[in-house]
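Breakdown of the fold
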Amino acid sequence: MFRFRDFTTADLAFTGLIIALMYIVQTVTILGVAAITPVDAFKSIASAFFVCIVISVGLAKVGKIGTFTLIGLVNGIICGFIMPAFLPLLPATFLGGLAADAAVGLTYGVYSSRNSLLVGCGVDKFIETLVILTVPFLFGFSSFMLAPALIIVSAITVSVLGMLGALVGYGIINEFRRAGALD
C-alpha cells in the first residue's frame, strides 16, 4: 500500500512546500484567533479548517497513499522541536495521517476525488483530536481528564471543520486545474 520509493523528488518537494505553507497558515490563524478570544481550544479548532484547505491541495497534487502519513510525521517532528513540552503532537499527527491514508487507501486507492479528500481530512482531524485530548492525561502530562463526551464532540467538530476545509480546497484544486496550473 505505502512504499516510500513510489514518491518522486517532485512529490517530496511539493509535500515539503505544503508543510511549510501549512505552518504559515496555522500560525496566522492561531495568532488571529488568540487576538479575538483567550480560549485555547478555539485556536486549534479554527486552524483545522484553514490547514485542511492547504493539505487538500497537497494531497490532490501528489495523490499517493502515504502522503498524509508523511505530512503527519514531519509535522509532529517539527512540533516536537518547537514545543518539546507537548510531545503528544508527534503520535497525534502521525496516527492521524496513518489512519487517513488507511481509510482512503481502502476505500478509494488514491487521493484523486473530492470524497477521498473529505474522508482523508475528516479521519485525520478526528484521530488527531482524540489523541491530543487523551494522551496527555494517560501519560501524566496533564492533571485533568476531559469528559469522554466532550472529547468526542470536540473530535467531531474538528473533523467536520477539516472536511469543510477539504471541500474548499477541492474547489481551489478545480480552479487550478482549469487554469492549467495543476495536472
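Refer to the structure printed above.
The notes below deal with the structure included here. (Residues numbered from 1 in each chain as written. Predicted model: local features only at pLDDT ≥ 70, side-chain atom pairs only at ≥ 80, totals over all residues. Heavy atoms only, no water.)

**What to know about the overall build of the chain**
As a reminder of what qualifies: Put simply, DSSP marks the helices as runs of H or I at least four residues long and the strands as runs of E at least two long, and each gets a number from the N terminus on. We call two residues contacting when some pair of their heavy atoms lies within 4.5 Å.
Counting its secondary structure elements, the chain contains six helices and zero strands. Taken from N to C terminus, the helices and strands of the chain fall in the order α-α-α-α-α-α. Here the analysis covers contacts within the chain between residues at least 6 apart in sequence; of these, 73% occur between residues at least 24 apart.

**Concerning helix α6 (residues 148-179)**
Stated precisely, the cut-off is as follows: For a helix, the expected span equals 1.5 Å multiplied by the residue count minus one. Buried, partly exposed and exposed residues are distinguished by accessible area as a fraction of the type maximum, computed with a 1.4 Å probe on protein chains only: under 20%, between the cut-offs, and over 50%, respectively.
For α6, with 32 residues, the first-to-last C-alpha span of 46 Å sits near the 46 Å given by 1.5 Å per residue. Looking only at α6, the buried set comprises I151, S154, A155, V158, S159, G162, G165, A166, G169, Y170 and I173. One or two residues past the end of α6 sits G180, with phi positive at roughly 85°.

**Examining the packing of aromatic side chains**
Applicable threshold: A pair of Phe, Tyr and Trp rings is counted when the ring centres sit within 6.5 Å of each other, with Trp represented by its six-membered ring. The angle between the planes then sorts it: under 30 degrees is stacked, over 60 is edge-to-face, the rest tilted. In this scheme, the term charge over a ring applies when either NZ of a lysine or CZ of an arginine sits within 6 Å of the ring centre and within 35 degrees of the ring normal.
Under the counting rule described, the total for this entry stands at two aromatic pairs. Here the basic side chain of K64 rests over the ring of F7, its NZ or CZ set 5.8 Å away from the ring centre.

**So, the environment of N75**
Tracing the backbone through its elements, the reader meets N75 in helix α3 (residues 67-82). In this structure the C-alpha to C-alpha distance between N75 and M22, which are 53 residues apart in sequence, comes to 9.2 Å. In contact with N75, other than residues within four places in its own chain, are M22, Y23 and T93.

**Examining a nonpolar patch on the surface**
What counts, and what does not: Without a salt bridge and with relative accessible area above 30%, a residue can belong to a patch; like charges are then joined within 9 Å and nonpolar side chains (Val, Leu, Ile, Met, Phe, Trp, Tyr) within 5 Å. Only the protein chains shown count as cover for residues, and all accessible areas are computed by the Shrake-Rupley method using a 1.4 Å probe. We define a salt bridge as a contact between a side-chain nitrogen of Lys or Arg and a carboxyl oxygen of Asp or Glu at a distance within 4 Å.
Together, I152, I156, V160, L164 and L167 make up a nonpolar patch on the protein surface, roughly 400 Å² of accessible area in all. Structurally, L164 can be placed in helix α6.

**Brief notes about the pattern of salt bridges**
Evaluation of the coordinates by the stated rule reveals four salt bridges. The salt bridge involving K125 is made with D124; its shortest N-O contact spans 4.0 Å. A relative accessible area of 1% places D124 in the buried class. When salt bridges with common partners are traced through the structure, they connect D124, K125 and E128 into a single cluster.

**Some words on helix α4 (residues 89-107)**
The following threshold applies: For this quantity, the arc is that covered by the directions from the helix axis to the C-beta atoms.
With 19 residues, α4 extends 27 Å from end C-alpha to end C-alpha; this agrees with the ideal 27 Å at 1.5 Å per step. Looking only at α4, the buried set comprises L89, A92, T93, G96, G97, A100, D101 and V104. Along the axis of α4, the buried residues cluster in a sector spanning 155°; they form a single face. At the exit of α4 stands G109, carrying a positive phi of roughly 90°.

**Concerning the environment of V28**
Tracing the backbone through its elements, the reader meets V28 in helix α1 (residues 9-36). Overall, V28 belongs to the exposed group, its relative accessible area being 57%. Separated by 19 residues in sequence, V28 and S47 have C-alpha atoms that sit 8.9 Å apart.

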